[in-house]
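Survey of secondary and tertiary structure
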Amino acid sequence: MRVPLSWLCDFAPLDLPVDELVATLNDLGLAVESVDRVGEGLDGVVVAQVLEIDAIPGADKIRRVMVDAGGDEAVQVVCGAWNFAVGDLVPLATVGSVLPGDFAIGARKMKGVASHGMLCAPDELGLPGAHDGILVLPEGLAPGTPFATAMGITADVVVELEINPNRPDAMSVVGIARDLAARLGLDFAIPEPAVGDGGGGASSAAVTIEAPERCGRFIGATIGGISVGPSPAWIANRLTLAGMRPINNVVDASNYVMLELGTPNHAYDLAQLPGRGLVVRRAEDGEAIVTLDDVERTLTSEDLLICDAERQPVGIAGIMGGASSEISDATTEVLLEAAWFLPIAISRSSRRLKLRTEASARFEKGVDPAILDVAVRRFCELLGVEPAAPITDERGELPIAPTVRVRRARVNDVLGTELADDDIVGLLDPIGFTTAVVAPGQLDVGIPSWRPDSEIEIDVIEEVARLYGYSAIPRTIPTSSLTGGLTPYQRDRRLVRQLLAGLGSSEAWSTTFLSSESIARCGLEPSSAVVVTNPLVADESLLRPSLLPGLVAALAYNGARRQPGVHLFEIGKVFRAPAPGAPLPVEWEAVAVAMAGCDATEARSAWEVLAEGLLLDDVHLEAGEAPGLHPTRTARILVGGVLMGHLGEVDPDVLRLHGIEERVAWLELDLEALLGAPHGAGLYRPISKFPSSDIDLAFEVDDAVPAGTVASTLRQGDDLVVDVVLFDVYRGEQVRSGRRSIAFTVRLQAADRTLTDDDVAAVRRRLIDGVESAHGAALRG
Amino acid sequence: MIDDIPALLDDARRRIEAAADLEELRSVGADVVGKRSALSSAKAGLGSLDPDARREAGRALNEVRQAIEGAIGERQAALEAAARATRLEAERLDLTEVVATRRRGHLHLVTQARDRLEDVFIGMGFTVADGPEAETDWYNFGALNFPPGHPARNMYDTLYLEVGEPETVVLRTHTSPTQIRVMEAGEPPIYSVMPGRCYRQDTADASHLPNFHQIEGLVVDRGITFGDLAGTLDSFTSAYFGPGITTRLRPSYFPFTEPSAEFDITCVFCGGDGCRSCGRTGWLELGGCGMVHPNVFASVGYDPEVWSGFAFGFGIDRMTAQRSGIADLRDLVTNDIRFLEQF
């Protein structure tokens, strides 16, 4: 909402420096987004008429312009804008003037041509409007007239405010003035419009409310004697400063009233309104209306219509008028509507129709139903006309503004203040909250009609705090008897991050939204992914089922920028469609590592580091396949017999489709499941003080038998086995085809004695027998 | 007997000095002081002398032997030092010509910020809570005092999921639903922060991302006041941003808090003097906060006459990007290694 300070001053005698005004507005919760000073720096700017425009040899961006600035001689300037012609009136900043922003105009020479001043664009004069050309002025102004005088501009300050949705009252000049006056201790009043009561003898507008549950009050006034034309300059100026384009005196008066009082209203051309009356009714399902913007809109019975007396739609209530009864140059008589509609219904209609207007923005938050008659009379006052007949004022169901019991102790408990009853009264009265101290510490507070957001005690407490000033409330720090900290899961998640970073992978943040193609391109199945109903980008409508697409895309991105060998990891939520009947999708935190330029062995090492870092127990790998991964270079990761994820390499086809020319080692785990498995250090196992003995065993084993399984057999083969390390794999002439030799060093140690040669020999025999019988292996000589 | 002891000593010294390496030195040593050396023979011949002469000659021989052995020792040390120097020189390595094979990765800038934020609040006695990113309408809106159709819902460009009835499951638009889950899961007192990823139907541009990170704080205890909220934010900002960084609270509106406030912090670039970063106001907008609305307590079955509390929340990404001089938030999500490695 853009508000000129001069307009606020119509209602409260504000007299304070601009920076204090801004600070006060901010402190009241009327957030100041920008401040424009207009009409300053216009001394020396005059109306000038373009006499000649000539090219400057050697220059294609600037031209020489001769203007009549009211003096005896024409003034020569150089100008870079092209949007005006000979005869146009334009603003000339003469030499010596200082434009807004301390922009001093001096005599200059460009391409050897002297320029005695500058023709101005709107923004250079501190006026609303883009910097896309010189401001061309209306015809009829005398050259040499001071620009400010000619345009009726007086110095003013325009503040742009961001109004919170709970403050419909502050979407008006009077609402903002009321808050400021209350905080600054100034008088505030809305003057009574000087308009008669409409005893002109014409017949009043007939208004029928057929949907009283939707329309709480509806005022219709027939107003004659209208001559459509431009508004007076002061009205046009204020509307312009407030960011609205002046149209004609009728539309402008309507907009002016809306901005000033916060009361949207609508003027119908009475001549185009059969029956000279209005009916408020729900639309029929499928009923259509062409609105002012010339768009046909189809309605439902949840939408409310304003209809003529013959029940034909002439507007969508609270949102937009219809095209049929629009004000035209020929209009002489209007029916003015001011009403209160049920906010939530307007909000729903506006959303469904995807049609938001200045009117709907106010109605959906709740306009002041008590000020509608003032609005109608203010409209007449602005146009300088009288109602032609007594104003029709029909009522439907209006909410009753409540009286709220407020406890002083509660106020102070919530805020941490020590306010007395009188303090509270003193803060509330100036903003129209009527107060009665019914007993010490007990106040009955009447909520004003313009504050529909205030309904219960806490709402009133907020008003007390707001007017008292948040900055005035003493700041304290609560003392907690609790100890803070991370949960074990959160601690371990940090550990996993550090382990992976320590391995040389950097943490990525990839998007949660994927397209069906990007999922399929990674060999994954898009059909079980969770679908976003209203995605921002139409084809990025699926929630990631895996971290694979995001990380592979990130590697491709880096690869395309000549950055091969990038190692990334990510921890983030992945999603799957819910089980039937479950309210929410399945989501879990996954961790994945993608290492470009590495083969599956690096993924194996990364997993080893994770398992070691977390001190996981009962960890197994077994060959397996997974979508998107290399079919013959993938292992399933089991912890305690439960599948936690996969490691290996990304499928070469997936890499090819992404234009990645390196192998990519891959590890992905369900982090929540993994950290749910038993892990961490247990009790200390004392280290044996006795010497250990190593034996080397090489077996010829079928290729189908995983080395890891043989190692497990060895590990579990005897209590004296403390370590098993694979040190050689051999395929070739010395072994039969389809088999290979795998060699282990097995370390034996007893806790209580030095092993004898006999001990070692016995264990060796047991281990050989065990592996040979379990895996069809043969010891190699 | 040895006729000319000084000549023998000179000769031995010469030979020792001439020894080119340890092996030659050993052989010289054997010649001059070994069992078959002239010196040893002379010592063996002492027995034929009378006692006085024997003592005299014996002392002379010992002195010579010590002198020679001393020379051998010195020569040995010198040769060993030279050998070590030669060996080391042969091992000389230019460490700048070595390609480092192990590298440390980097945590994402936003993770680093999130961890630090958590740590500051942990230091203030807070726990950290996580919550789901796909939420029911109830947790994201209803329980937070946004009844269906409430205009304040329009403040959020909500993304809905095709799960269950239309518009019943959302991608959380803020971390606030975790407040409800935390309150449902336990009894007050609660001092907790809730970081995480949120979603809005926002076009990605320099200052918006459709998925972004927030951190939310919730305190529920007996006698918690608005003054406590402001004081807590002050201690957080000075701990996180540095001494002298304080907060300014401006009235605002959120359905789940009342009184509600926007909170700004002293501009971290100019210390409040006013600069380009803060639009010359001396303040940077950070987030929203307020006292927990009684209707929210009612949603979780807490008695608002017994318990009071406050909540606050702010975006992590924009704050972090601003502090690091990142003008375009989209840089956070390109996963360009040249970006990631800078933090």
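Residues numbered from 1 in each chain as written. Chains lettered and ligands numbered in written order. Predicted model: local features only at pLDDT ≥ 70, side-chain atom pairs only at ≥ 80, totals over all residues.

Right, let's get into the environment of Asp728 of chain A. Residues and elements named next belong to chain A. Position of Asp728 among the secondary structure elements: in strand 37 (residues 721–730). Judged by local crowding, Asp728 falls into the exposed class, with 11 C-beta atoms found within 10 Å. The spacing of Asp728 and Ala698 is 30 residues in sequence and 8.4 Å in space, taken between C-alpha atoms. (Helix = DSSP H or I, 4+ residues; strand = E, 2+ residues; numbered from the N terminus. Buried ≥ 20, exposed ≤ 12 C-beta atoms within 10 Å, placed from the backbone.)

Once that is clear, we can look at the sheet that holds strand 21 (residues 320–321) of chain A. Strands belonging to one sheet form pairs held by backbone hydrogen bonds; the direction of such a pair is parallel or antiparallel. Strand order in this open sheet of five strands is 13-16-19-20-21 (chain A), and the pairing throughout is mixed. Looking along the sheet, the strands with just one partner apiece sit at the ends: strand 13 (206–209) and strand 21 of chain A. (Pairing = 2+ DSSP bridges.)

Before going further, it helps to spend a moment on unusual backbone geometry. Residue Pro189 of chain B follows Pro188 of chain B across a cis peptide bond; omega there is 0°. Residue Pro259 of chain B is reached from Glu258 of chain B by a cis peptide bond, and omega for that bond is -5°. Relative to the assigned elements, Pro259 of chain B resides in strand 8 (residues 257–266). One non-glycine residue, Asp294 of chain A, lies in the positive phi region at around 65°. Tracing the backbone through its elements, the reader meets Asp294 of chain A in the loop between strand 17 (288–290) and strand 18 (296–298). Look at Arg562 of chain A: it is not a glycine, yet its phi comes out positive at around 55°. By secondary structure assignment, the location of Arg562 of chain A is in the loop between helix 15 (548–560) and strand 30 (567–576).

Moving on, we come to the packing of helix 1 (residues 5–18) of chain B against helix 2 (residues 22–33) of chain B. Residue and element names in this part refer to chain B. Where helix 1 meets helix 2, the axes come as close as 9 Å, and the angle between the chain directions of the two elements is 165°. The pairing of helix 1 with helix 2 is recorded here as roughly antiparallel in orientation. Here helix 1 runs over helix 2; the crossing is right-handed. Mapping the contact onto sequence places Ala12, Arg15 and Ile16 in helix 1 and Leu25, Val28 and Val32 in helix 2. Across the contact of helix 1 with helix 2, the residue classes tally to five nonpolar, no polar and one charged. (Axes fitted to C-alpha atoms, helices over the stretch in contact; angles between N-to-C directions. Parallel < 35°, antiparallel > 145°, perpendicular 65-115°, else oblique. Left-handed = near helix turned anticlockwise from the far one by under 90°. Contact = placed C-beta atoms within 7 Å. Nonpolar A, V, L, I, M, F, W, Y, C, P; charged D, E, K, R; others polar.)

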